[in-house]
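Close look at the chain arrangement
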Amino acid sequence: MKRNIGNLVIILCVVLTVAVWLVFPPVDDGRDHFLRVYAGEVIGSVNIVLMATALFLSTRPKWAEKYFGGLDRMYITHRRVATTAFLLIFVHVLTVPITLSGWKLGNYLAVIAFTGIVSTILVSLAPRIAFLNKLTGGTYDGWKNLKKYIGIFFIIAYIHALTVPHPLDAFIAINWVQVFFIVGAVSYLYTEVFGRFFKKFVPYTVEAVRHPNPSTTEVTLRAKKDPIKKQRAGQFLFVRFPGERTLNESHPFTISSAPHEDVLRVTVKASGDFTRDLFHNLKPGMDAVIEGAYGMFDYKTGGRKQIWIAGGIGLTPFLAFLREMDGNPERDIDLYYTVRHKEEALFLDEIEAAAKRNPRLKPHIRFSATDGSLNAGDILKNAGGHAADHDIYICGPFPMVQAFERKFRAAGIPAGNIHYEEFNFR
Ligand SMILES: Cc1cc2nc3c(=O)[nH]c(=O)nc-3n(C[C@H](O)[C@H](O)[C@H](O)COP(=O)(O)OP(=O)(O)OC[C@H]3O[C@@H](n4cnc5c(N)ncnc54)[C@H](O)[C@@H]3O)c2cc1C
């Protein structure tokens, strides 16, 4: 329940915004199309509320994680809120009566805000829409840099609302929306300008670099002074390496070591520019800067019977779980780990050793190129056909996570028993 509070608060803010406009309506000054102007203002206000919320979530407020179920879930909410705001802009434009004469500053600002917001939100959604992905060149950095402008258009949209000719006389509703505008504008400035002075960036040193297979790097990090605040197994951090230009951008990785270890380990698959550079150029002795830990993907939230499903590098949070348990699971766990080929599999010895130490842990390793893809039907059959009393933890590529979630839901497993981590914020 607690992890839904964040989403409920957002819905409540939207409902209250509409309610404030209905309970304290504007004075009908007898103008033409009064109702359309009124409806347009209500929709525009909801838009400001949603955009302010999206900008607020972009600040990565650690304290709010528990109300969303983790930072990754906050990003999902961010995406949904931004998409709704995007669609509502069109409804707003179609609702308000638009004349082409007698334009004042407010009208010109409306055009700038509309064009700017629509194009930046389209860019934000691009990674989910194949043909739009080309717009950003497909890179995360290109995507992130273009998104930076959204706050400027948000501020322009608000000034448009204040300077539009013949504004409605609705003191209370306008001041209500003003609060959200301030939240959005301050959040934007925090993210882009002054947040860096408040966030905790903790200095570490790269103690060891290992390559467990030809595309993976295991990095061991030791705190220079105080380590990051005690983390839970399964959490992730943001790390950058300021000594090397191409490695000096912050990327998220799961902490694959156990919380009780005095070092942090991350296990990184070379999949793009940054992770490939890390594979080739990261050396022991280099500086690292860490922010975190974030995330609420935690087997301890589940019951006695658990199913863990790891696809490829999605094994990392489960490694942290196993290392924390140290051969003493106190739960019946079926761990499904799927990779294409045997050579890609990581830490098989360690997984087998953990299973030997505790028979309640049953690993099922699947090489999809030879054994066929892992599917929900097999997992359910292994669980005796009734997995509804199991907690299922899934981590891997987004399409895999989505497909499993759909199948388990269709098999009658309650949504609250399915926990997943998305390795993707876009
Ligand atoms: C919560 C979480 C935990 C993760 N844990 C691991 C892990 O343990 N091991 C591992 O190998 N990978 C992990 N990842 C994925 C890892 O962050 C990306 O593979 C890596 O950032 C890719 O960067 P790139 O430049 O090499 O690839 P690109 O091809 O540039 O990016 C590939 C994808 O990674 C994401 N990404 C890229 N840069 C960033 C960034 N700066 N911040 C956020 N996302 C970015 C984007 O969705 C992008 O589409 C995790 C991701 C998340 C969100």
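Residues numbered from 1 in each chain as written. Predicted model: local features only at pLDDT ≥ 70, side-chain atom pairs only at ≥ 80, totals over all residues. Heavy atoms only, no water.

Moving on: unusual backbone geometry. Note that the residue after G292, namely A293, is joined by a cis bond; omega there is 5°. Secondary-structure assignment places A293 in strand β6 (residues 287-294). Its identity is not glycine, yet R60 carries a phi of approximately 55°, on the positive side. With respect to the secondary-structure elements, R60 resides in the loop between α2 (34-57) and α3 (71-95). One non-glycine residue, H166, lies in the positive phi region at around 50°. Locating H166 in the fold gives a position in the loop between α7 (150-163) and α8 (171-194). (Helix = DSSP H or I, 4+ residues; strand = E, 2+ residues; numbered from the N terminus.)

Across the sheet, five strands lie side by side as β9-β8-β7-β10-β11; this open sheet has parallel pairing. In the strand order of this sheet, the two ends are held by β9 (361-367) and β11 (418-422), each with one partner. Between one strand and the next, the sheet's axes are offset by a mean angle of 15°, whatever the strand orientation. Along the sheet, helix α10 (residues 316-325) makes contact with β7 (305-311), β8 (332-339), β9 and β10 (391-396), crossing β7 at roughly 135°. (Pairing = 2+ DSSP bridges. Axes fitted to C-alpha atoms, helices over the stretch in contact; angles between N-to-C directions. Contact = heavy atoms within 4.5 Å.)

The next point concerns the site of the ligand. Not every one of the 22 residues close to the ligand is listed here, only the nearest: H251, P252, K269, T275 and N424. One of the backbone nitrogen or oxygen atoms of T267 is found 2.9 Å away from a nitrogen atom of the ligand. The side chain of S271 places a nitrogen or oxygen atom 3.5 Å from an oxygen atom of the ligand. Residue assignment for the shell around the ligand shows that the elements contributing at least two residues are β4 (251-254), β5 (264-269) and α9 (273-281). With four residues, the single largest contributor to the shell around the ligand is β4. A breakdown of the residues in the shell around the ligand according to their chemical character gives nine nonpolar, nine polar and four charged. Formed jointly, the shell around the ligand draws a minimum of three residues from each of two domains, domain 2 (202-294) and domain 3 (302-422). (Near = heavy atom within 4 Å. Polar contact = N/O pair within 3.5 Å; in protein donor to acceptor, adjacent residues only side chain to side chain. Nonpolar A, V, L, I, M, F, W, Y, C, P; charged D, E, K, R; others polar. Domains from an automatic or database assignment.)

Take α9 next. F274, T275, L278 and F279 are the residues of α9 that are buried. Considered in projection along α9, the buried side chains sweep an arc of 140° and stay on one side of the axis. Opposite the packed face of α9, turned more than 90 degrees from it, sit the exposed residues D273 and H280. (Buried < 20%, exposed > 50% of the residue type's maximum accessible area, 1.4 Å probe, protein only. Arc of directions from axis to C-beta.)

At their nearest, the axes of α2 and α7 sit 11 Å apart, and the two run at 155° to each other. Classified by the angle their axes make, α2 and α7 are roughly antiparallel. Where α2 crosses over α7, the two elements pack in a sense that is left-handed. Side by side, α2 and α7 meet where I48, M51, A52 and L55 of the first sit next to I150, G151, F154 and Y158 of the second. Each residue belonging to the contact of α2 with α7 can be placed in one class, and the counts come to seven nonpolar, one polar and no charged. (Parallel < 35°, antiparallel > 145°, perpendicular 65-115°, else oblique. Left-handed = near helix turned anticlockwise from the far one by under 90°.)

Turning to the pattern of salt bridges, a few remarks are in order. Throughout the structure, instances matching the rule amount to 16 salt bridges. Taken together, the shared-partner salt bridges connect R210, E218, E261 and R265 into one network. (Salt bridge = Lys/Arg side-chain N within 4 Å of Asp/Glu carboxyl O.)

On to the side chain of S256. Among the secondary structure elements, S256 is positioned in the loop between β4 and β5. At 2.9 Å, the side chain of S256 and the side chain of T267 are in polar contact.

Before going further, it helps to spend a moment on the nonpolar core. In terms of nonpolar packing, the biggest core is built from 49 residues, with W21, L71, I117 and F154 touching the most fellow members. Elements that contribute at least two residues to this core include exactly α1 (5-23), α2, α3, α4 (105-125), α7, α8 and β3 (236-240). Looking at this core, the element that brings in the most residues is α2, giving 13 residues. Looking at which domains feed residues into this core, each of domain 1 (2-197) and domain 2 (202-294) supplies at least three. (Core = buried A, V, L, I, M, F, W, Y, C linked by side-chain atoms within 4.5 Å.)

How big an interface is tends to be stated in terms of the accessible area lost upon association of its parts. As far as domains go, the protein holds domain 1 (2-197), domain 2 (202-294) and domain 3 (302-422). Just the C-alpha atoms count here: the centres of domain 1 and domain 2 sit 36 Å apart. Contacts between domain 1 and domain 2 engage five residues on the former and seven residues on the latter. When domain 1 packs against domain 2, close to 660 Å² is buried across both sides, 51% of that on carbon and sulfur atoms. Contact with domain 2 buries area across many residues of domain 1, yet R60, K62 and L71 alone supply 63% of it, more than any other trio. For the interface between domain 1 and domain 2, the tally reads one salt bridge. Residue E291 is joined to R60 by a salt bridge in which the shortest nitrogen-to-oxygen separation is 3.0 Å. (Buried area = accessible area lost by both parts, 1.4 Å probe.)

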